[in-house]
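# Observations on the model geometry
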Amino acid sequence: MNKNKKVIAFYMQALKLKEKIRTGWIEVNIKKERLESVAEHIYGCLILAIALNSEYKLNLDMYKVLKMLTLHELEEILMKDFTIRANITPEEKIQKGKKCVHEVVKDVMEAGEIEALLDEFNERKTKEALFCYKIECDFQAKLYDLEGAFSYEEAKKDLEFFGDRKDEVEEKSRCASDIWIEYDKPKFSRDVIFESLINEIQKLK
């Protein structure tokens, strides 16, 4: 396969994410005619990363951050978006994702680099991977909440999957997006920027 054909084949596969709707919004029955696609989620992640770096001058390799965020959903070209409601362990999800990413990128010259970058994202050990892992989903949940599209009763159905944190999350939640935000707060702990940002987002009315 020549270089142009490789570029076109990779591009055409990636374009499928423009049409693929985020499973989580379907599962919680967001009441909007048009829901966020995976590609739109990626765009949201990139914009938030750029805004945060602009204001806080983060000590990160921003090229790596933006590339990681651009590519972090490639697996969903070939597999479903497994949410907290799916009967699958995080380890199983990662292994399925690795196989799908390999199929998507195997013919491009930078395949090994892309796969290594997404392994880094999944391992969450570097400061760039940890930053990327924290970005965006709760912000979109808040936006749907502010638009009146996210039902508190529907969001509460996720509580049964929260294990021993169920009662704590329910007690602290006052609206649909609070349930997701309160559940995710531990991953923002010890990060002053994200902790203050998520608290500010949560106050919006």
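Above this text is the structure in question.
Summary of the structure given here. As the structure is a prediction and not an experimental result, all values here were calculated from the model. (Residues numbered from 1 in each chain as written. Predicted model: local features only at pLDDT ≥ 70, side-chain atom pairs only at ≥ 80, totals over all residues. Heavy atoms only, no water.)

Next up on the list: the overall build of the protein chain. The number of helices and strands found in the protein chain is 12 helices and zero strands. Counting from the amino terminus, helix and strand elements in the protein chain follow one another as α-α-α-α-α-α-α-α-α-α-α-α. Computed over its C-alpha atoms, the radius of gyration of the protein chain comes to 18 Å, within 12% of the 17 Å expected for a compact globule of 205 residues. Counted over contacts in the protein chain with a minimum sequence separation of 6, partners at least 24 positions apart contribute 65%. When the accessible surface of the protein chain is summed, it comes to about 12,000 Å², and 54% of that surface belongs to carbon and sulfur atoms. Within the protein chain, one finds 36 positive and 41 negative side-chain charges whose respective centroids are separated by 2 Å. (Helix = DSSP H or I, 4+ residues; strand = E, 2+ residues; numbered from the N terminus. Rg over C-alpha atoms; globule rule 2.2 N^0.38 Å. Contact = heavy atoms within 4.5 Å. Areas by Shrake-Rupley, 256 points an atom, 1.4 Å probe, with all protein chains shown as cover. Lys, Arg positive; Asp, Glu negative; His and termini not counted. Charge placed at Lys NZ, Arg CZ, Asp CG, Glu CD.)

Here we take up the packing of aromatic side chains. Counted according to the given criterion, the structure contains seven aromatic pairs. Consider the rings of W25 and Y144, whose centres lie 5.0 Å apart with planes at 80 degrees: the pair is edge-to-face. Placement of W25 in helix α2 (residues 23-27) and of Y144 in helix α8 (residues 137-146) is noted, with a sequence separation of 119 residues between them. By the burial criterion, W25 is buried, and Y144 matches it. The rings of W25, Y144, F150 and W180 are connected pair by pair, giving a single aromatic cluster. (Phe/Tyr/Trp six-rings, centres within 6.5 Å; stacked < 30°, edge-to-face > 60°. Buried < 20%, exposed > 50% of the residue type's maximum accessible area, 1.4 Å probe, protein only.)

Turning our attention to the pattern of salt bridges. This model, assessed by the stated rule, comprises 19 salt bridges. In this structure, K32 and E147 form a salt bridge, with 3.1 Å as the shortest nitrogen-oxygen distance. Of this pair, K32 sits in the loop between α2 and α3 (38-56) while E147 is found in the loop between α8 and α9 (152-155), placing the two residues 115 residues apart along the sequence. Salt-bridge contacts for E170 lead to K166; the nearest nitrogen and oxygen are separated by 3.6 Å. With E170 and K166 both in helix α10 (residues 166-172) and four residues apart, this pair spans about one turn of that helix. On the basis of relative accessible area, K166 is assigned to the partly exposed category, the value being 31%. Residues participating in the shared-partner salt-bridge network are E153, K156, K166, D167 and E170. (Salt bridge = Lys/Arg side-chain N within 4 Å of Asp/Glu carboxyl O.)

On to the packing of α8 against helix α12 (residues 192-203), then. Relative to each other, α8 and α12 sit at 10 degrees, their axes nearing to 10 Å. Here α12 runs roughly parallel to α8, going by the angle between their axes. For the pair α8 and α12, the contacting residues are D138, F139 and K142 in the first and L197, I198, I201 and Q202 in the second. Looking at the contact of α8 with α12, its residues break down into four nonpolar, one polar and two charged. (Axes fitted to C-alpha atoms, helices over the stretch in contact; angles between N-to-C directions. Parallel < 35°, antiparallel > 145°, perpendicular 65-115°, else oblique. Nonpolar A, V, L, I, M, F, W, Y, C, P; charged D, E, K, R; others polar.)

Side chains of V7, I8, Y11 and M12 sit close together on the surface and give an oily, nonpolar patch of about 430 Å² of accessible area. Judged by its relative accessible area of 54%, V7 is exposed. (Patch = residues over 30% accessible without salt bridge, like charges linked within 9 Å, V, L, I, M, F, W, Y side chains within 5 Å.)

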